[in-house]
Protein chains: 2
Amino acid sequence: MRARGIFRRMAAVRERELVERWRDLLTTYNAVANALDQTLQREHGIGLSEFEALDRLIDAGDKCVLKVLGSDMYLSQSALSRAVDRLERQGLVARSMCDNDRRSIYVAPTATGRQRHADASSTRSRILADHLG
Amino acid sequence: MRARGIFRRMAAVRERELVERWRDLLTTYNAVANALDQTLQREHGIGLSEFEALDRLIDAGDKCVLKVLGSDMYLSQSALSRAVDRLERQGLVARSMCDNDRRSIYVAPTATGRQRHADASSTRSRILADHLG
DNA sequence: CGACATTACATGCGCGTGCATGCAATGTAC
DNA sequence: GTACATTGCATGCACGCGCATGTAATGTCG
């Protein structure tokens, strides 16, 4: 009887810890994400999702099928499609057909896109150092 | 000369670590937030923001000025106002006038709201244990 | 007292998101 | 070969968000 009470109390403590960790995650994420999004938008004219897509694209090499690019991202397929739309409209990436599988679409950064990414990367480092340093 | 190279390399390593931590934060947050939002919506008819508002309201005691409730939340003032709208429309909280300062508005959970919160809390614990355990 | 700034909240607006769907290309079964 | 399922991407739609603004109540200064 006494033992059951102890176990229940331990479980309750564990739950409170989880909730606290979750609230920390919520506030930290929103603070960093908002700061990044606003600063990138103001200083480089691109939002957070566009930058993340461009960043992972350049990380993956010069050319990447859209599906592969989306496979390790947090965005849904439609959100990524539209983020690439916005990047393309600014001339930062270019879509091209894939001959092997004509359903797939290659995305490649342009020279302008590479430059923009380099500029924005230092902004990202600054914001991340401010919030996560 | 050699020393400058070493420092630059150390700074680069530190930046890569920050970016990696940030990507972890992005993916973890989105995974937990999406799972929580969908499960709460499906099993209890409320979204993540509504639950967070209700949760903090009950944590703060029975009655709370809207401004105070928003002070430790990640949501903007307008987003919180509308989250409370949705909670009120479902009869889970009630707004009331504040006699001291008639600009302020009290928010209080109803009996139904307290019950819904208790039910949803166990769902939250389950999801958090799955993702952060 | 009156004029102006500030606070607390609600709301119009544009935008990015996920979901569901559409469409064309590919794979699979017979 | 034909019929059907599946894959990769684009798009209509509803919705929640932040920003800017509106509105009423309060504080402040002369």
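Rules and cut-offs
- Residues numbered from 1 in each chain as written.
- Chains lettered and ligands numbered in written order.
- Predicted model: local features only at pLDDT ≥ 70, side-chain atom pairs only at ≥ 80, totals over all residues.
- Helix = DSSP H or I, 4+ residues; strand = E, 2+ residues; numbered from the N terminus.
- Rg over C-alpha atoms; globule rule 2.2 N^0.38 Å.
- Buried ≥ 20, exposed ≤ 12 C-beta atoms within 10 Å, placed from the backbone.
- Contact = placed C-beta atoms within 7 Å.
- Near = placed C-beta within 6 Å.
- Nonpolar A, V, L, I, M, F, W, Y, C, P; charged D, E, K, R; others polar.

Visitor: Describe the overall build of chain A, listing the residues and the values that go with them.
Guide: For chain A, the count of helices and strands is five helices and three strands. When the helices and strands of chain A are read in sequence order from the N terminus, they spell out α-α-β-α-α-β-β-α. For 133 residues, the compact-globule estimate of 2.2 N^0.38 gives 14 Å, and the C-alpha radius of gyration of chain A, at 21 Å, exceeds that figure by more than 25%. Overall, chain A is about 70 × 35 × 20 Å in size when its C-alpha atoms are taken along their principal axes. Taking all 133 residues of chain A together, the buried fraction comes to 23%.

Visitor: An account of the environment of A120 of chain A is needed here, citing residue identities and associated values.
Guide: All names here are of chain A. Among the structural elements, A120 can be located in helix α5 (residues 111-132). Distance from A120 to R21, taken between C-alpha atoms, is 30 Å for residues 99 residues apart in sequence. If near-sequence neighbours (up to four positions away) are discounted, A120 is found in contact with L40, H44, I46 and F51.

Visitor: I'd like a description of the protein's contact with DNA strand C, backed by residues and values.
Guide: Lining the immediate surroundings of DNA strand C are 23 residues, of which S76 and A79 of chain A together with L66, K67 and S78 of chain B lie closest. For the surface near DNA strand C, the elements supplying multiple residues, two or more each, are α4 (77-89) of chain A together with α3 (66-71) and α4 (77-89) of chain B.

Visitor: Any details on the interface of chain B and chain A? Residues and values, ideally.
Guide: Taken together, the contact pairs 17 residues of chain B with 17 residues of chain A. Elements supplying a minimum of two residues to the side of chain B that touches chain A: α1 (2-44) and α5 (111-132) of chain B. Of the residues forming the side of chain B that touches chain A, the biggest block, 12 residues, is contributed by α1 of chain B. Among the residues forming the side of chain B that touches chain A, the class breakdown is 11 nonpolar, four polar and two charged.

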